[in-house]
Amino acid sequence: MPLTMLDTTAAWVVIDLQKGILGMPTVHPLSEIIGRTAELARAFRAQGLPMVLVNVAGAAPGRTDAVRPKMSLPDGWTELVPEMEAQAGDHLITKQRWGAFLGTSLDEVLRQHGVTQIVLTGVATSIGVESTARSAYDLGYNVALVVDAMTDRDEAAHRYSVEKIFPRLGECDTTENVLKLLK
């Protein structure tokens, strides 16, 4: 379903576009995702809307069946990609989990700004983006998902999130249409 409107108090939230993920293989070229996201960032800033840049610096401590490599993060791993052009008024949220809400001040920051809608982009669609979208939905935010400005390491997981999960959490649209709504 296309995005019907942008709330006057929408915030743009970008998930994990950081230097540490640049070398990872993804379904869609990261350069395209970063380019679209940077274009959205410029448009949101031009409208004076809140900007939230999220990076990940760890993982939840629980046991899983999936093997997780034990490694320390290299220097610069959490630095946002330069194309995000982080500015003093942006909010930086560093997370230690998949989603950007649990264990961070994201909800508090958004509520302080009177935000009623979040517009999500980033990596990975089925992990960081989906986890954040689920929490936002549960917390009562209107959720907009810019599906051509996100990607995943797994094509089936990306497609399942976009086609099956996201329509139940919010409205899905493209960068082009979101930019039109911002004008």
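Look up a bit, the structure's there.
Residues numbered from 1 in each chain as written. Predicted model: local features only at pLDDT ≥ 70, side-chain atom pairs only at ≥ 80, totals over all residues. Heavy atoms only, no water.

Draft legend 1. Looking closely at the pairing of strand β5 (residues 142–151). Burial analysis of β5 places seven of its 10 residues in the buried class, the great majority of the element. Where strand β4 (residues 117–123) meets β5, six bridges bridge the pair, whose relative direction is parallel. Bridge assignment links Leu120 to a residue of β5, and that residue is Leu145. In the classification by handedness, the crossover that spans β4, the intervening helix α3 (residues 125–138) and the parallel β5 is right-handed. Examined bridge by bridge, β5 and strand β6 (residues 171–173) share three bridges and lie parallel to one another. Along β6, the bridge assignment pairs Leu145 with Cys172. The handedness of the β5 to β6 crossover, carried by helix α4 (residues 155–169), is right-handed. (Buried < 20%, exposed > 50% of the residue type's maximum accessible area, 1.4 Å probe, protein only. Helix = DSSP H or I, 4+ residues; strand = E, 2+ residues; numbered from the N terminus. Pairing = 2+ DSSP bridges. Right-handed = clockwise from strand over helix to strand, strands pointing away.)

Draft legend 2. Expanded view of the environment of Thr78. Structurally, Thr78 can be placed in the loop between β2 (51–56) and β3 (91–95). Judged by relative accessible area, Thr78 falls into the partly exposed class, the value being 27%. Counting along the chain gives 22 residues from Thr78 to Val56, while the straight-line C-alpha distance between them is 6.4 Å.

Draft legend 3. Examining the side chain of Thr121 more closely. Residue position: Thr121 is located in strand β4. In this structure Thr121 comes out as buried when scored by relative accessible area, which is 0%. Excluding its chain neighbours within four sequence positions, the residues that come into contact with Thr121 are Trp12, Val13, Val14, Ile15, Thr37, Leu40, Val129, Val146 and Ala149. (Contact = heavy atoms within 4.5 Å.)

Draft legend 4. Looking closely at the nonpolar core. Ranked by internal contacts, the top residues of the largest apolar core, which has 28 residues, are Trp12, Leu17, Phe44, Met84, Val178 and Leu182. Those elements that place two or more of their residues in this core are β1 (10–15), α1 (30–46), β2, β4, β5 and α5 (175–182). No other element matches the seven residues that α1 contributes to this core. When residues no more than four places from it in sequence are discounted, the contact partners of Val178 are Leu3, Leu6, Leu40, Phe44, Val146 and Asp173. (Core = buried A, V, L, I, M, F, W, Y, C linked by side-chain atoms within 4.5 Å.)

Draft legend 5. Structural view of the packing of α3 against α4. Here α3 crosses α4 at 5°, and the two axes come no closer than 10 Å. Put simply, α3 runs roughly parallel to α4. Within the contact between the two elements, α3 uses Thr125, Ser126, Val129, Glu130, Ala133, Arg134 and Tyr137 and α4 uses Ala157, His158, Ser161, Val162, Ile165, Phe166, Arg168 and Leu169. Grouping the constituent residues of the contact of α3 with α4 by class yields eight nonpolar, four polar and three charged. (Axes fitted to C-alpha atoms, helices over the stretch in contact; angles between N-to-C directions. Parallel < 35°, antiparallel > 145°, perpendicular 65-115°, else oblique. Nonpolar A, V, L, I, M, F, W, Y, C, P; charged D, E, K, R; others polar.)

Distances and angles like these do not, on their own, reveal function.
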